[in-house]
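Single-letter residue listing:
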Amino acid sequence: MLLPLLFLALAPEDTVKRQEIPLLLRPFEITTSRSLGLVAKSTVSLEKIDSKKVFLNGGTQFSDVIDRVPGVTITNGQANIRGGSGFTFGVGSRVLMLVDGLPMLGAYEGDIRWHFLPMEQVQSVEVLKGAASAVYGSSALNGVIHLQTLWASEKKPIHRVWVQNGMFDRPPQEHVNLFPNDRRMTNAVSWVSAQKWKKWDFVLGGQALKDESYRNSDFANRLRGNAKIRYTNGRFQAGVSANAMRDSAGVFFIWKSDSMALTQYMDTTVSQVLRYFTLDPYVQYNGKFWRHALKNRVFYNLNRSELYEYTSTYQKEHFSAVFGAFHQKNVNLFRDSIHSVNRALFGQLSYSWKSFAFQGGVRYEQFINLNKSPISAPVFRGGVNYRWKENHFFRASWGQGFRSPTLIEMYVKTSNNTGGINIFPNPTLRTEFAHSSELGYRYEKENQSFVFDAAVFFQQYRDMIEFSYGFNFNSGLFGFGATNISKARIYGFDVQAKGFQSAGKWRLDYLAGVTRTEPLNLGTDTVTSTQWKYLKYRQKWLGRADLQLTYGNWMLGGNFRWNGFMESIDRPWVEQLAGTIPGIQAHRERHPNGDFLLDVRLKTQLNSAWSIGMVVRNALNQSVMMVPGSLGPYRQFMLQLIWE
C-alpha cells in the first residue's frame, strides 16, 4: 500500500539565482507544471491564495475560501470555474481537488468533500482556471484547486488556534422565522501545530464544529483530526499523513415553499452519520536534477478508493520534464468488489528560451466501470508565455480532456429519502469530451503592489453530462437523472486586478475581478430548461472584490460577491412542480439581477500572540437561492479569537 505523485519541493539553487527580478517578491506556483515557477510565467490563468486568507471571512469549511476567488462559484457545494460545471446534484465534478498533489474526490460521486479538507493546515492554495487533464486526469476538465499543507521551518515551530462563535440573525422578511425566540449558533475550534526535530517533521491539526444551522432539520456536528510526519536523510525522504473525520449532519434537500424556505419539503428529516479517512504514505528521492516519488492515497467513506502514482521529474535552468503513471480503483466496501478502475500514463515538458516559456503535455487514460467496455483516449495540452519589457506577460494555451460518468450517475437510484424527489440512474451515459483554450495578458510590478490580469477563454464539449428533469419509463415516475447534451460551448472573458498601497502605518490591500460567460447548449437534444439555448445553473456575470485597510494593529475589511441571474434552470421547478413546491419562480422574479453578498470584518492584534475579530457574513441580509428550492445562509455574526 505505497505509491503516487511527486509533490515538488524546491527548484535547484541555480534556477533561483538566474532570474532577473527578485523572486522573493513574486509568488511561486507548482500546479501548472508540477515544478516550481513564477505565476506570471504560467501558460494558463492561475490565482494563488496564502494561508492568512483562509479564516479571514469566518468560514468553517474550505469552500468558503474558494467561493471568493474571481471567476469561481460554489453552487450548493459544487465547484464551478468560468461556468464549466453548473450544478449536477453534487456528483461528477469537472474541477479536480488536489491535496498535496493527490486527488481528493469521492469514490462513487466524484465530488469534493469540502468539510473533510484540512483547511487548518493550509500553507497556500492555487486555483488553475482551464483544462489540465493532460497532467492531472479527467476530473480536471474545468480546472484544478490545489491545497498545499504546511510544514514548520528551520527557524521556528508553528502553533495556531482559531476559536469562532457565530450567531444567525433573523431571516429576511420574505421568509417565515422558525426561531423567533432563539438564535441558531455555530461554534468551531480549529488548531494546528507543526514542529521540526533534527531529521523529523511533525504536524498535528484538526477541527471541532457544532452548527445548529439556519434551517429546520439541518445541522452539523463534526470532528476532524489530521497528522503528518516525514523523515529526511540527505536526498532521501519518506513520510505519511492521515486525515479522519466523523460527521453527523442533517440533509436539507428542498424547501416547503418560498415563504417557508427554512422548512424541509414534506417535513421530512434526513440525517446521516458519515466517517471519512485518508492515509497517504510516500517515499521520495531528490537528486541534483532528478526527483522521483512514489505515493499512495487510500480514501474511505461509504466506499474505498485507492490510488497510486509514480512521478519522475528532471529540472535544470531552462528545461524541466515530468513523467508518471497513475492507477486508481474504487471498491464497494459491502461487497468488497471493484466497481471502477482508472489508469493513466502522462508526461509534460517545459522549456524557456529568451523571453518565451513553452509547455506541452500528453496523457493516455483508461476507465473501466463495472461490466462496461473500457474507455480510453489520449489527451494533449500545450501553452506558451511571452515576457515583454520585464513586467508584461502574454500567454496562450489549449488543452483536451474527457470524463467518464461516475458510478452514481449511471447506477444509483434515490427517491423518498430525499424529500420525495426521485433521482434515476442512467447506465447508457456516454463519456464526455472537451477542449479548452485561452489567450491572456498579465502586468505585474516587481514588488507585487499592482497586478492586472485579463483573459478570453473558449470551451467546447461533446456529450456533456448534465442533470435534467423528465419521465422515467421504467418506474412510471417523474424525476431527475443524468443525460448527455450532444454539443455545448462556453466562452467569455475575465478581468482582475490586485495589489496594495501603503503610507506610514496605513496599508490598503485589494482584489477585484469580473467574469462574463456565454454558456450555450448547441445540441438538438430534448431539453427541459427555462431557456433552452443556455446551459442550466450558470450565471453569465460574476463579480468578486475584497478590500482590507490596515492601520497599526487594526484591520477593517470587506468582501463583496455578485452572482448574476441564473438564466436557465429546469423548467419543472416553475411548471410541473410549481403547485407542489411553490415559490421558486416568485423568488427568481424578485431577484432579476442576481445575488449581492457582502461580508464585513474588523480585527485587532491584542499582543504578539493574541488577536480578536468580528465578521458579519451576508451583512445586507440578502435572500439567496443557491439552487431552486434551497435558501443560502442569511446574516450571521461571527466572533473570532486567534492565538499564534
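First, a word on what this report is: a plain description of the structure on this page. Keep in mind that what you see is a predicted model, and the values were worked out from it rather than measured.

1. Some points on the side chain of T75
- Topologically, T75 is positioned in strand β4 (residues 72-75).
- Ignoring anything within four residues of it in the chain, the contact list for T75 reads N80, G86, F87, M626 and V627.

2. Details of the side chain of E432
- Assignment of secondary structure puts E432 in strand β24 (residues 432-444).
- A distance of 2.7 Å separates a polar side-chain atom of E432 from the backbone nitrogen of I465.
- Excluding residues that lie within four positions of it along the chain, E432 makes contacts with R94, L141, G401, F402, R403, R462, D463, M464 and I465.

3. Focus on the sheet that holds strand β9 (residues 143-149)
- Ordered in space as β3-β8-β9-β6-β7, the five strands form an open sheet in which the pairing is mixed. At either margin of the open sheet sits one strand with a lone partner, and together these are β3 (45-50) and β7 (102-103).
- Pairing between β3 and strand β8 (residues 122-129): six bridges, direction antiparallel. Pairing of L46 across the sheet is with L128, part of β8.

4. Considerations on the packing of aromatic side chains
- According to the stated counting rule, one finds 28 aromatic pairs in the structure shown.
- Measuring from ring centre to ring centre gives 5.7 Å for F367 and F402, while their planes differ by 85°; the resulting arrangement is edge-to-face. One end of the pair, F367, is in strand β20 (residues 356-369); the other, F402, is in strand β22 (residues 392-403), with 35 residues separating them in the sequence.
- The exposure class of F367 is buried, given its relative accessible area of 10%.
- Members of the aromatic cluster, connected to one another through ring pairs, are F493, W541, F560, W562 and F596.
- Over the ring of F289 we find K316, and its NZ or CZ is 4.8 Å from the ring centre.
- Sitting over the face of the ring of F500, R507 holds its NZ or CZ atom 3.9 Å from the ring centroid.

5. Examining the pattern of salt bridges
- Applying the stated criterion across every chain, the model contains 36 salt bridges.
- Measuring nitrogen to oxygen at the nearest pair gives 3.1 Å for the salt bridge that ties E126 to K48. With E126 in strand β8 and K48 in strand β3, this residue pair connects regions lying 78 residues apart in the sequence.
- The salt bridge involving R304 is made with E306; its shortest N-O contact spans 2.7 Å. Side by side, R304 and E306 carry an identical accessibility label, which is buried.
- Because the salt bridges share partners, they merge into one network encompassing R82, R395, E438, R442, E444, D453 and D494.

6. Quick notes on a nonpolar patch on the surface
- The grouping of W506, L508, L547, L549, Y551, W554, L556, V600 and L602 at the surface amounts to a nonpolar patch, some 830 Å² of accessible area in total.
- Of all the secondary structure elements, the ones that give two or more residues to the nonpolar patch are β27 (506-521), β28 (541-551), β29 (554-563) and β30 (595-605).
- Of the residues forming the nonpolar patch, the biggest block, three residues, is contributed by β28.
- Assignment of secondary structure puts L549 in strand β28.
- With a relative accessible area of 35%, L549 lands in the partly exposed category.

7. Details of the environment of Q640
- Following the sequence through the fold, Q640 ends up in strand β34 (residues 636-643).
- With 26 residues separating them in the primary sequence, Q640 and M614 have C-alpha atoms 6.0 Å apart.
- Leave out the neighbours within four places in its chain, and Q640 touches F55, L56, G58, V163, Q164, S611, I612, G613 and V615.
- At 2.8 Å, the side chain of Q640 forms a polar contact with the backbone oxygen of F55.
- Polar side-chain contacts of Q640 include one of 2.6 Å to the side chain of Q164.

8. Re the pairing of β4
- Burial of β4 is two-sided: the residues V72 and I74 facing one way and the residues T73 and T75 facing the other way are all buried.
- In the sheet, β4 pairs with strand β5 (residues 78-81) via four bridges, with the strands oriented antiparallel. Note that in β5 the partner of I74 across the bridge is A79.
- Counted between consecutive antiparallel strands, the loop separating β4 from β5 contains two residues, among which N76 sits at a positive phi close to 50°.

9. Thoughts on the nonpolar core
- Counting 49 residues, the largest nonpolar core has F62, I66, M97, W114, L117, V127 and I145 as the members making the most contacts within it.
- Top contributing element to this core by residue count: strand β6 (residues 95-99), with five residues.
- The contact partners of F62, leaving out residues within four places of it in the chain, are M97, W114, L117, M119, V122, V125, I145 and L147.
- Core analysis: the next-biggest nonpolar cluster, separate from the first, contains 30 residues, I465, A482, M566 and W573 among them.

10. Let's talk about empty space enclosed by the protein
- Evaluated as defined, the whole model comprises 13 cavities of 30 Å³ or more.
- For the largest cavity, the calculated volume is near 470 Å³.
- Taken together, 33 residues make up the lining of the largest cavity; nearest its centre are S139, Q328, N330, N342 and F367.
- When residues of the lining of the largest cavity are traced back to their parent elements, those giving at least two are β16 (290-300), β17 (303-315), β18 (319-332), β19 (337-353) and β20.
- Across the lining of the largest cavity, the residue classes break down as 13 nonpolar, 15 polar and five charged.

Basis of the calculations
- Residues numbered from 1 in each chain as written.
- Predicted model: local features only at pLDDT ≥ 70, side-chain atom pairs only at ≥ 80, totals over all residues.
- Heavy atoms only, no water.
- Helix = DSSP H or I, 4+ residues; strand = E, 2+ residues; numbered from the N terminus.
- Contact = heavy atoms within 4.5 Å.
- Polar contact = N/O pair within 3.5 Å; in protein donor to acceptor, adjacent residues only side chain to side chain.
- Pairing = 2+ DSSP bridges.
- Phe/Tyr/Trp six-rings, centres within 6.5 Å; stacked < 30°, edge-to-face > 60°.
- Buried < 20%, exposed > 50% of the residue type's maximum accessible area, 1.4 Å probe, protein only.
- Lys NZ or Arg CZ within 6 Å of the ring centre and 35° of its normal.
- Salt bridge = Lys/Arg side-chain N within 4 Å of Asp/Glu carboxyl O.
- Patch = residues over 30% accessible without salt bridge, like charges linked within 9 Å, V, L, I, M, F, W, Y side chains within 5 Å.
- Areas by Shrake-Rupley, 256 points an atom, 1.4 Å probe, with all protein chains shown as cover.
- Core = buried A, V, L, I, M, F, W, Y, C linked by side-chain atoms within 4.5 Å.
- 1 Å grid on protein atoms, 1.4 Å probe; cavity = no way out; pocket = protein on both sides within 12 Å on 5 of 7 lines; lining within 4 Å.
- Points joined across faces, edges and corners; volume = space filled by probe spheres on them.
- Nonpolar A, V, L, I, M, F, W, Y, C, P; charged D, E, K, R; others polar.

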